[in-house]
Amino acid sequence: MDGMLGQLLALLQVMHDSRLSRSKLDQLVQRRLRKVLVSAYLHVPYYRETMRRADYDPRRDYSGPEDLRMLPVTTKTDVKERNTAAFVKEGTDLSRCFWDASSGSTGIPLTTYRNPHERAMQIAKWLRVLLLNGYSGREKVMSLSSLAKHPGKSIVMEKFGPLRRLVVSFRLAPERMVDLFLDYQPDVLWGARTLLDLMALELMRRGVQPKPLKVVVGAAEAVRASSRRLCQEVFGTEMLEVYGSVEMGGNIAYETRAHDGLHLCEDLVYFEFLDEHGEPVPPGKPGRVVLTDLVGDVMPFIRYDQGDWAVFEQASVESNGRRRITRIVGRDSDVVQLPDGTRHSFHGFSDMMEEFEEVRQFRVVQKTRELFHILVVADPTYLAGIREGLMQKLQGRFPPPVRFEIVLEERLEPDPSGKLRLLVSEIDSED
């Protein structure tokens, strides 16, 4: 009963906080950030060391979020190179904590720990996205997950008080996911965008048109226009995007049916968008996403580098003055180096591919400094019709000696993490 009550209280809290005015939100952030910094200073070895090196004691010196600029940014490598004890609150019995493991799509998988209250807030954040998008609590939910906490299992029915969801391993083949989907007949579907694409393509291959879903949420990867169109065609509703990470306890920004950008969970996470020199960027300019968990206690993350770049905008005072992410640019790893030494991100390719609406999936593979393979999933007749135009656009953006080969694929399989890296280099960065 205590667990159910804790989940209910957490949900009521996050729903209330989502409606706070800018001034009330700033006051909440002030209180929560001070609490996190003081606790980390007193009880977490890594952050105690960094604060002492900066001659900063939050009990004495705290003045607000601007204090964070005195502390170094923490990277995934920092966490990986130090043992877990350096980042966990001293005296914590980890056997009594909940844990999550990141997918390791960056090559650096991490395990994080949370106490029951933090776990309740994590669930509440997930439910908030659904509730703000029409979920009533009665609909059937199907989620695609790692199921790392359930060794040997590929299907689990989870319960959060009266709410239930079917959790399916993302490691299953899309054909099996679709079998389970058709048997369970959910109203809500949540999973990595690539996996949702593959399920939709499998339903199309079978010629099956399921009942329209109430909510479809694409996570783990940026949602492209082609995925939205595919979702609308197959599931009868447009895909909503969420942005998050295991380190921050799940989603940290979410889209609503208004499709006006990703609303930041600023009540739970403090966001910084920084340039390559660590300075804040203005709205409209890409910045490195650096986060501080405002409810972190057992394993807090302070000024944590997500490894992502994003563009944000500042909403008007009439819209509570909150910030929204308008575009996720990508990870540092989503870049390739051309023969002239210039580096290009995935978006140099994706912006062009969005013009070809019937391309269901694509992937760019750099085979050599000069040669790129463009793997495309589309109707062969359609691809034949656009091949020349696509090649002209590619060569116009990337002149010789860069060259391209377009390869028709039946389906692009996800990476072991369940995601699909859309820009892959097969050459050594030092070549």
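Quick caveat: nothing in here was measured; it's all calculated off a predicted structure.

**Regarding the sheet that holds strand β20 (residues 423-425)**
Here four strands make up an open sheet; going across it, the order is β19-β18-β17-β20 and the pairing mixed. Across the chains shown, the open sheet's two edge strands, defined by having one partner strand only, are β19 (403-408) and β20. Across the sheet, the mean angle separating the axes of adjacent strands is 20 degrees when strand polarity is ignored. Direction of pairing for strand β17 (residues 361-366) relative to β20: parallel, over a ladder of three bridges.

**Structural notes on the packing of helix α8 (residues 193-206) against helix α9 (residues 225-235)**
Between α8 and α9, the shortest axis-to-axis distance is 10 Å and the interhelical angle comes to 45 degrees. Taken together, the axes of α8 and α9 are oblique relative to one another. In terms of crossing hand, the pair formed by α8 and α9 is left-handed. Here R193, L196, D197, M199, A200, L201, L203 and M204 of α8 come into contact with α9, specifically with S227, L230, E233, V234 and F235.

**Side note on the pairing of strand β3 (residues 141-145)**
Buried residues dominate β3, accounting for four of its five residues. Strand direction decides the pairing type here: β3 and strand β6 (residues 188-192), joined by three bridges, are parallel. Bridge pairing in β6 links V141 to V188.

**Comments concerning the side chain of T292**
Looking at the secondary structure, you find T292 in strand β12 (residues 287-293). When its relative accessible area of 0% is taken as the criterion, T292 is described as buried. Each residue touching T292, except ones within four places of it in the same chain, is listed here: L33, L68, M248, L268, V269, Y270, F301, I302 and R303.

Each value, and the rule that gives it
- Residues numbered from 1 in each chain as written.
- Predicted model: local features only at pLDDT ≥ 70, side-chain atom pairs only at ≥ 80, totals over all residues.
- Heavy atoms only, no water.
- Pairing = 2+ DSSP bridges.
- Helix = DSSP H or I, 4+ residues; strand = E, 2+ residues; numbered from the N terminus.
- Axes fitted to C-alpha atoms, helices over the stretch in contact; angles between N-to-C directions.
- Parallel < 35°, antiparallel > 145°, perpendicular 65-115°, else oblique.
- Left-handed = near helix turned anticlockwise from the far one by under 90°.
- Contact = heavy atoms within 4.5 Å.
- Buried < 20%, exposed > 50% of the residue type's maximum accessible area, 1.4 Å probe, protein only.

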